[in-house]
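# Survey of secondary and tertiary structure
If you want the building blocks of each chain, they are given just below.
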Amino acid sequence: MTAVIETRNLTKTYGAVRALDGLSLSIPRGGVYGVLGPNGAGKSTLFRILLGLIRPTDGEASVMGGRIGDVAASRRMGSMIETPRFPPFMTARQVLVWLSAAHGLTPDPARVSGWLERVGLTEAADRKVRGFSVGMMQRLGVAGALITDPELVILDEPTSGMDPPGIQEMRALIRSLAERDGITVILASHQLLEVQRVCDRVAILNRGKLVREGAVSELTASGERLRLSVTPISKTLEIVSGLPGASGVLEGDAVMATLPRADTPALLRALIQAGVDIDEARWIGADLESVFMSETGSVQHPESIIQEVGHAG
Amino acid sequence: MLADSVLSELYRLSRNRMAVFWSALFVPLLFVVGGMAFHLISKSKTAEMSGDLAPGVAASIAVTNLGHDLVQGAGIVANGAVLVFMLIGAATLYAGDYRWETWRLISARNSRLNLILGKVGAFKVLTLAAMVVFLIAGLVFSTSGALINGHSITFSFDGGDAADLGLLLLLGYIRIIQYAMVALLTAVLTRSLLATLFVPVVLGFGQTLLGGPGLAILQWEPTAWQSQLLLPGLAFDALKAMVTVGVGAPPAPDGLMLKAIVSLALWTIVPLAGAVAWFNRQDLSKE
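Rules used in this analysis
- Residues numbered from 1 in each chain as written.
- Chains lettered and ligands numbered in written order.
- Predicted model: local features only at pLDDT ≥ 70, side-chain atom pairs only at ≥ 80, totals over all residues.
- Heavy atoms only, no water.
- Core = buried A, V, L, I, M, F, W, Y, C linked by side-chain atoms within 4.5 Å.
- Buried < 20%, exposed > 50% of the residue type's maximum accessible area, 1.4 Å probe, protein only.
- Helix = DSSP H or I, 4+ residues; strand = E, 2+ residues; numbered from the N terminus.
- Domains from an automatic or database assignment.
- UniProt positions renumbered as here; feature names shortened; annotations may be inferred.
- Axes fitted to C-alpha atoms, helices over the stretch in contact; angles between N-to-C directions.
- Parallel < 35°, antiparallel > 145°, perpendicular 65-115°, else oblique.
- Left-handed = near helix turned anticlockwise from the far one by under 90°.
- Contact = heavy atoms within 4.5 Å.
- Phe/Tyr/Trp six-rings, centres within 6.5 Å; stacked < 30°, edge-to-face > 60°.
- Buried area = accessible area lost by both parts, 1.4 Å probe.
- Salt bridge = Lys/Arg side-chain N within 4 Å of Asp/Glu carboxyl O.
- Pairing = 2+ DSSP bridges.
- Polar contact = N/O pair within 3.5 Å; in protein donor to acceptor, adjacent residues only side chain to side chain.
- Patch = residues over 30% accessible without salt bridge, like charges linked within 9 Å, V, L, I, M, F, W, Y side chains within 5 Å.
- Areas by Shrake-Rupley, 256 points an atom, 1.4 Å probe, with all protein chains shown as cover.
- Lys, Arg positive; Asp, Glu negative; His and termini not counted.
- Charge placed at Lys NZ, Arg CZ, Asp CG, Glu CD.
- Bend = angle between axes of the 7 residues up to and from the residue.

With that settled, consider the nonpolar core. One finds Leu140(A), Tyr94(B) and Phe123(B) to be the most contacted residues of the largest nonpolar core, which totals 147 residues. Looking at this core, the element that brings in the most residues is helix 8 (residues 159–190) of chain B, giving 13 residues. Split by domain, the residues of this core number at least three in each of domain 1 (3–220) and domain 2 (223–296) of chain A. Counting residues in each nonpolar core, the second largest holds 13 residues, with Leu228(A), Val230(A), Val255(A) and Ala257(A) among its members.

Encoded structure:
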């Protein structure tokens, strides 16, 4: 797999604060790649460096095989960093024409209309952006990132400020970009459920360092545990802890056992032989949130919880 | 690459009708409307003063030479009002991306040098357009004056007039671009649209004061190096006087042309170089 982005020992300091601390990361071509981390983990700093908005203090990074600032390589990339803003006197259509021209393309009305349609802004295409909601700005930002038909697109919180149907549409668009258009999408989001649903691979950053990287399926599988509804619990905990490479904790009224899947029959046999009543034994896969929390040692940021509560409502 | 930047800036500017109106159209429009009012008022005053003179007697001997007026118009194409109002366009172009937080949309796909020179290029096009509009306004002013006052109209324009016209337009163009370079440097340093608008105005006002009573207080000759280098407006006036000087007028002091050219060049190149250097190392994620 060729890498679209590679960083080596990338470091960025702001005074005494190390926003990125020797980050080495290789993001493969194809699919949707999530960059996760609590606030201050270094996600935005990483994106800003990749886009040439700021310079690293140390280390190297390449985008599409070119060094940062290599315009030829950068032109194969689109981006939307944070909530986008646009000149308020322009319409959505004019913004895309302007961005096309800024990127060296002859503005193509069909392409402009096509991207406006794909992000759901056809009806608002000829309205001035000064009246746009945050969600509409996000949609236009995504269209702006894609107007040049890039091979790689970086989207920072693309669903921020969107309503639940909008989030679903954006999720579908991101998957279709990867699957239908063959664009590599790099996505940062606080909403771990969204990332789990849309991303193929993720990198988890914490305090400017890479703490975990891999396919979403691998990360969640590695955290799966055996849930045992049993009586008596103390005996069960004793037996689980006695098995080599296994451990158990009490969560609610069940024992959660961590052990290799292959050892399940042996454990169940041992429990039965010890006279333990087994009401239920079920493997439960870890979700990305639990992986994230265990890797970063943090709970989700209140902002994302508020967003999720808001979306749920 | 540079062409992409210039074209995109021009496209965006063309959508900003308010900025285009105030920077390129307002002063010429005011010139035409104010000029017509002036002609009408002066005609009525003249009629009152001439009393029993038959109408048309004085007018019949007056001739309006549009060729001559065109050259005169070129001489005032970089007047104070034009300079100040052109700053609206300059501020929009130079500080707009900071104000609208749009640097991050465009900065990844072009070099920093091209991005900033694209803005300068777009402003040059705006300046040329504004100068053309101003010259047309001047012709409208002269024609309307002739029609109101009943003067006959001619268009006499020889090679000397063409040379004067070209030189005056070039000087006016350089003066506007030079003045806007201060705005460019201000925009990059302050990231503020208002500062980009007002810092050059305040600086220009200060230089005007210094060029008047200030020089007398300091006991500096207007033709001295320090006066010319400190006051680009003075340098511009000196060069303009050399172009428009009449036959038999005393020659300009030795070396004045060089001093004036150096002054305008420095006031153009130094702010541009400073802006480019600062912009190259600027964190564009902070807007």
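When the UniProt feature table is mapped onto this chain numbering, "domain: ABC transporter" (unreviewed entry) sits at residues 5–232 of chain A. Helix and strand shares over residues 5–232 of chain A are 33% and 30% respectively, and the end C-alpha atoms of the span are 53 Å apart.

All right, on to the packing of helix 7 (residues 112–149) of chain B against helix 8 of chain B then. Each pair of packed helices gets described by two things: the angle between the helix axes and the distance between those axes. Residue and element names in this part refer to chain B. The geometry of helix 7 relative to helix 8 is characterised by a closest axis approach of 10 Å and an angle of 140 degrees between their N-to-C directions. In terms of orientation, helix 7 and helix 8 fall into the oblique class. Here helix 7 and helix 8 pass one another in a crossing that is right-handed. Every residue of helix 8 that contacts helix 7 at Ile 116, Val 120, Phe 123, Lys 124, Thr 127, Leu 128, Met 131 and Leu 135 is listed here: Leu 169, Tyr 173, Ile 176, Ile 177, Ala 180, Met 181, Leu 184 and Val 188.

On to the packing of aromatic side chains, then. All names here are of chain B. Per the stated rule, a full pass over the model turns up 12 aromatic pairs over all chains. On the basis of an interplanar angle of 20 degrees and a centroid distance of 6.4 Å, the ring pair of Trp 22 and Phe 85 is categorised as stacked. One end of the pair, Trp 22, is in helix 2 (residues 17–50); the other, Phe 85, is in helix 5 (residues 80–99), with 63 residues separating them in the sequence. Residue Trp 22 is classed as partly exposed on the basis of its relative accessible area, which comes to 31%. Taking the centre distance of 5.8 Å and the plane angle of 35 degrees together, the rings of Phe 155 and Phe 157 count as tilted. A relative accessible area of 30% places Phe 157 in the partly exposed class. By way of ring pairs, the aromatic residues Phe 21, Trp 22, Phe 26 and Phe 85 are connected into one cluster.

Here we take up the domain arrangement of chain A. Residue and element names in this part refer to chain A. By the assigned domains, chain A splits into domain 1 (3–220) and domain 2 (223–296). Taking only C-alpha atoms, the centre of domain 1 and the centre of domain 2 are 40 Å apart. Taken together, the contacts link 14 residues of domain 1 with 11 residues of domain 2. Overall, the association of domain 1 and domain 2 removes approximately 1000 Å² of surface from exposure, summing both partners, and the carbon and sulfur fraction of that is 69%. Taken as a group, Leu 192, Ile 204 and Thr 220 account for 46% of the area that domain 1 buries against domain 2, more than any other trio of residues on that side. Between the two partners, domain 1 and domain 2, sit 0 salt bridges. Mapped onto the side of domain 1 that touches domain 2, the elements with two or more residues apiece are helix 7 (192–198), strand 9 (201–206), strand 10 (209–215) and helix 8 (216–222).

All names here are of chain A. Pairing is antiparallel across the open sheet formed by 4 strands, whose spatial order is 12-13-11-14. Single-partner strands in this sheet number two, and they are strand 12 (247–251) and strand 14 (277–284). Direction aside, neighbouring strands of the sheet carry axes that sit 25 degrees apart on average. Pairing of strand 12 with strand 13 (residues 254–258), which is carried by 5 bridges, proceeds in the antiparallel orientation. Bridging from a neighbouring strand, Ser 247 pairs with Thr 258 of strand 13. Together, strand 11 (225–231), strand 12 and strand 13 form the strand contacts of helix 9 (residues 233–242), whose direction differs from that of strand 12 by roughly 155 degrees.

Our focus in this paragraph is the environment of Gly59(A). Residues and elements named next belong to chain A. Here Gly 59 lies in strand 4 (residues 58–63). Along the sequence, Gly 59 and Pro 265 sit 206 residues apart, while their C-alpha atoms lie 49 Å from each other. Not counting residues within four places of it along the chain, the set of residues in contact with Gly 59 comprises Arg 8, Asn 9 and Leu 10.

What follows deals with the interface of chain B and chain A. Listed per partner, the contact involves 26 residues of chain B and 33 residues of chain A. Approximately 2700 Å² of surface area, both sides summed, lies buried where chain B meets chain A, with 59% of it carried by carbon and sulfur atoms. The largest contributions to the chain B side of the interface with chain A come from Arg104(B), Leu105(B) and Arg109(B), which together make up 31% of the buried area. Our count for the contact surface shared by chain B and chain A stands at 2 salt bridges. There are 8 residue pairs in polar contact (both at pLDDT 80 or more) connecting chain B and chain A.

Moving on, we get to a positive patch on the surface. Residues Lys128(A), Arg130(A), Arg15(B) and Arg17(B) make up a contiguous surface patch of positive charge. Along the chain, the position of Lys128(A) falls in the loop between helix 4 (109–118) and helix 5 (134–146).

Here the focus is the side chain of Ser107(B). Summarising the element assignment, Ser107(B) is placed in the loop between helix 6 (103–106) and helix 7. On the basis of relative accessibility, which here comes to 7%, the residue Ser107(B) falls in the buried class. Contacts of Ser107(B), omitting those with residues within four sequence positions, involve Leu53(A), Leu115(B) and Leu284(B).

This part is about helix 3 (residues 92–102) of chain A. With respect to burial, helix 3 of chain A is a largely interior element, 10 of its 11 residues being buried. Burial in helix 3 of chain A covers these residues: Ala92(A), Gln94(A), Val95(A), Leu96(A), Val97(A), Trp98(A), Leu99(A), Ser100(A), Ala101(A) and Ala102(A). Lining the buried residues of helix 3 of chain A we find helix 4 and helix 5 of chain A together with helix 1 (2–15), helix 5 and helix 6 of chain B. Gly104(A) sits one or two positions beyond helix 3 of chain A and adopts a positive phi of about 80 degrees.

Turning next to the pattern of salt bridges. Applying the stated criterion across every chain, the model contains 23 salt bridges over all chains. A salt bridge links Arg85(A) to Glu101(B); the shortest N-O distance between them is 3.9 Å. Taken as a pair, Arg85(A) in the loop between strand 6 (77–80) and helix 3 and Glu101(B) in the loop between helix 5 and helix 6 lie in two separate chains rather than in one. Looking at Glu101(B), the relative accessible area reads 25%, which means it is partly exposed.

All names here are of chain B. Taken as a whole, helix 9 (residues 193–218) carries its principal kink of about 50 degrees at Gly 211; the proline Pro 213 stands between one and four residues after it. Within helix 9 the residues assigned to the buried category are Leu 193, Ala 195, Thr 196, Leu 197, Pro 200, Gly 204, Gln 207, Gly 214 and Leu 215. Check the buried side of helix 9 and you find it contacts helix 5, helix 8, helix 10 (225–230), helix 11 (232–244) and helix 12 (256–280). Of the residues flanking the start of helix 9, the one acting as N-cap is Ser 192, its side-chain oxygen 3.4 Å from the backbone nitrogen of Leu 194. Phi for Gln 219, located one or two positions after helix 9, is positive at around 60 degrees.

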